[in-house]
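Overview (structure and organization)
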Amino acid sequence: MPNTPSHTMELPRLIVVGEKNIIQIGKFLKSLDSPSRASIIAGKHVQKIIQKKIKKSLANSKIHNFWHVPEGNDEKSIITIQKKVRSDRSDIIVGVGGGRSVDVAKMIAFSLHKPFVSVPTAASHDGIASPFVSVRGEKPHSIVATAPLGVFVDIDIIKKAPRRLFASGCGDLVAKITAVRDWELGRDRTGEYYGRYSANLASMSAKILVEAVEKHKVPDTRDVVEALISAGVASCIAGSSRPCSGSEHLFSHALDKIAPNVGLHGEKCGIGAILMAKLQGQDWKKIVATLKNVNAPTTAKQIGLKKEHLAQALVIAQSLRPQRYTILKEVVMTEKKALDLARVTGVI
Ligand SMILES: NC(=O)C1=CN([C@@H]2O[C@H](COP(=O)(O)OP(=O)(O)OC[C@H]3O[C@@H](n4cnc5c(N)ncnc54)[C@H](OP(=O)(O)O)[C@@H]3O)[C@@H](O)[C@H]2O)C=CC1
Ligand SMILES: O=C(CO)COP(=O)(O)O
Ligand SMILES: [Zn+2]
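Residues numbered from 1 in each chain as written. Chains lettered and ligands numbered in written order. Predicted model: local features only at pLDDT ≥ 70, side-chain atom pairs only at ≥ 80, totals over all residues. Heavy atoms only, no water.

1. Description of the side chain of S235
The topology assignment puts S235 in helix 8 (residues 221–238). Those residues within four positions of S235 in sequence are excluded, and the remaining contacts are S130, P131, F132, S240, S241, P243 and C244. (Helix = DSSP H or I, 4+ residues; strand = E, 2+ residues; numbered from the N terminus. Contact = heavy atoms within 4.5 Å.)

2. Focus: the site of ligand 2
Lining the immediate environment of ligand 2, one finds D126, S134, S142, D172, K176, S241, C244, S245, H249, H253, H265 and R321. Residue S134 places a side-chain N or O atom 2.9 Å away from an oxygen atom belonging to ligand 2. Between ligand 2 and S241 there is a distance of 2.7 Å, counted from an oxygen atom to a side-chain nitrogen or oxygen. Burial of ligand 2 by the protein amounts to 94% of the accessible area it has alone, namely 310 Å². Sorting the residues of the shell around ligand 2 by element identifies helix 6 (163–190) and helix 9 (247–258) as the ones contributing at least two each. Here the residues of the shell around ligand 2 are counted per class, giving one nonpolar, seven polar and four charged. When residues of the shell around ligand 2 are sorted by domain, at least three fall in each of domain 1 (14–160) and domain 2 (163–344). (Near = heavy atom within 4 Å. Polar contact = N/O pair within 3.5 Å; in protein donor to acceptor, adjacent residues only side chain to side chain. Areas by Shrake-Rupley, 256 points an atom, 1.4 Å probe, with all protein chains shown as cover. Nonpolar A, V, L, I, M, F, W, Y, C, P; charged D, E, K, R; others polar. Domains from an automatic or database assignment.)

3. Comments concerning the domain arrangement of the protein
Many descriptions give the size of an interface as the accessible area lost when the pieces come together. Parsing the protein into structural domains produces domain 1 (14–160) and domain 2 (163–344). Domain 1 and domain 2 are separated by 26 Å when their C-alpha centres are compared. Between domain 1 and domain 2, the residue contacts involve 26 residues of the former and 28 residues of the latter. Roughly 2,200 Å² is buried in total at the junction of domain 1 and domain 2, and carbon and sulfur atoms are behind 64% of that figure. Run the count over domain 1 and domain 2 and you get one salt bridge. Residues K176 and D126 are paired through a salt bridge, measuring 2.7 Å at the closest nitrogen-oxygen approach. One can count four residue pairs in polar contact (both at pLDDT 80 or more) joining domain 1 with domain 2. Contributions of two or more residues to the side of domain 1 that touches domain 2 are made by strand 1 (14–18), strand 7 (141–144), strand 8 (150–154) and helix 5 (155–160). A class-by-class count of the residues in the side of domain 1 that touches domain 2 yields 14 nonpolar, seven polar and five charged. (Buried area = accessible area lost by both parts, 1.4 Å probe. Salt bridge = Lys/Arg side-chain N within 4 Å of Asp/Glu carboxyl O.)

4. Notes on the packing of helix 12 (residues 307–316) against helix 13 (residues 335–344)
Closest axis-to-axis distance for the helix 12/helix 13 pair is 8 Å, and the angle between their directions is 115°. Taken together, the axes of helix 12 and helix 13 lie roughly perpendicular to each other. As for the relative orientation of helix 12 and helix 13, their crossing is right-handed in sense. Two secondary-structure elements touch here, helix 12 through K307, L310, A311, Q312, L314 and V315 and helix 13 through E335, A338, L339, L341 and A342. When its residues are assigned to classes, the contact of helix 12 with helix 13 shows eight nonpolar, one polar and two charged. (Axes fitted to C-alpha atoms, helices over the stretch in contact; angles between N-to-C directions. Parallel < 35°, antiparallel > 145°, perpendicular 65-115°, else oblique. Left-handed = near helix turned anticlockwise from the far one by under 90°.)

5. Quick word on the coordination of the zinc ion (ligand 3)
Protein-derived ligands of the zinc ion (ligand 3) are D172 (OD), D172 (OD), H249 (NE2) and H265 (NE2), with the metal-ligand distances lying across 2.1 to 2.8 Å. One way to put it: the six donor atoms around the zinc ion (ligand 3) meet at angles of 50 to 167°, and that makes the site irregular. Counting the intervening residues between successive donors of the zinc ion (ligand 3) yields the motif D-x76-H-x15-H. Of this pair, D172 sits in helix 6 while H249 sits in helix 9; the two residues are 77 residues apart in sequence, bridging distant segments of the chain. For the pair D172 and H249, a shared accessibility class is recorded, and that class is buried. (Donors = N, O, S within 2.8 Å, 3.2 Å for Na, K, Ca; no water. Tetrahedral: all angles 85-135°; square planar, octahedral: opposite > 155°, others 65-115°. Buried < 20%, exposed > 50% of the residue type's maximum accessible area, 1.4 Å probe, protein only.)

6. Looking at the sheet that holds strand 2 (residues 37–42)
Pairing within the open sheet is parallel, and its six strands lie in the order 1-8-5-4-2-3. Of all strands in the sheet, those with a lone pairing partner are strand 1 and strand 3 (64–68), marking the two edges. On average, each strand axis in the sheet is inclined to that of its neighbour by 15°, with strand direction left out of account. In this structure, strand 1 lies alongside strand 8, joined through five bridges in parallel fashion. Residue pairing in the sheet places I15 in a bridge with V151 of strand 8. Along the sheet face, helix 4 (residues 99–111) touches strand 2, strand 4 (92–97) and strand 5 (116–120) and points at about 170° away from the line of strand 4. (Pairing = 2+ DSSP bridges.)

7. Regarding the environment of D156
The topology assignment puts D156 in helix 5. It is 20 Å that separates the C-alpha atoms of D156 and S230, two residues lying 74 residues apart in sequence. Not counting chain neighbours up to four residues away, the residues in contact with D156 comprise E19 and K20. Within polar-contact distance, the side chain of D156 engages the side chain of K160 at 2.9 Å.

8. Here's the deal with the environment of A175
As for its position among the elements, A175 is in helix 6. Residue classification places A175 among the buried positions, given a relative accessible area of 0%. Considering only alpha carbons, one finds A175 and A202, 27 residues apart in sequence, at a separation of 9.5 Å. In this structure A175 touches E248, H249, C269 and A273, once residues within four positions along its chain are discounted.

Have a look at this one:
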């Protein structure tokens, strides 16, 4: 029944956003569930940066720790790593890194019925506090997993991450402008349940970026991190990624299929937001200015995307999630129309 409200999911119990505080992570975990054994999912780059400090903190807190590198976040790689984590016999799973490590840890924690803690080391995506795992493949979709029991952020680490990751997170944030508009369209056209609070929370997370442009300022790292966390909480409250993921995400998921490994998730969502804002009749130039203000890509060329792949992605995007109403249901998208849209918005 379209009017049935989604179910709200659990929310993180403790969110700490500090600076040069990574050495406190052992104490943080102890305060959550006083674990004795922690499995940590972290990639090679991130381990190089903070493994020593985290190990020291966990040793001081008497937490045995086991480290695993996520090869990918497709189902096969998750199952492989899950078998290793199971043999750790740990009582908490920690994801340390960007979206891939956090997603893999979240999925494994959910499958093993263990608490999960999110430790983002880049402000590159809004999966930090969300209960979902984004699964790529034939029909990209969000799997309902588990919201983190805790979120632990060291802003100093985030600030030192490659700036491209910060810009990508801003792309994922401006995507809320078009995602919320698509949700409004779903409500108005089909009577779909619309959660005003979670929609406003998601819109607010994008607003800090738009306001920064108006004040001729670059948004503060902490503000962007907190906005990404807030967007993840919005999806917990909505019980789905609906407030955070609309036609712009469908464009990004289509590119994951057509041109895998071209561009970061947030970069594709930011470019998708420019295109979809134009279709929605929103101020797409404001989105371009917002992205340029943080040096996020606003053209296909900047992420190495071929225009034919862009056109194909726009044509198939809605078919990837037919049940989610977006502006793409209101246009008959052809490759020619896609290229015209990309041209008029300066994306190609
Ligand atoms: N579940 C959800 O709600 C959401 C999930 N996602 C998912 O997140 C993924 C995108 O995440 P994204 O972060 O863009 O990309 P990835 O996690 O795929 O890659 C990020 C890269 O940056 C590196 N990195 C992270 N932090 C640092 C740092 N501090 N210093 C140096 N390098 C660093 C990582 O290193 P290393 O290799 O060591 O990890 C990795 O190589 C996608 O799979 C997407 O589906 C995106 C949005 C929402
Ligand atoms: O990336 C996301 C929100 O920013 C997750 O959305 P999806 O449900 O489209 O995977
Ligand atoms: Zn996203």
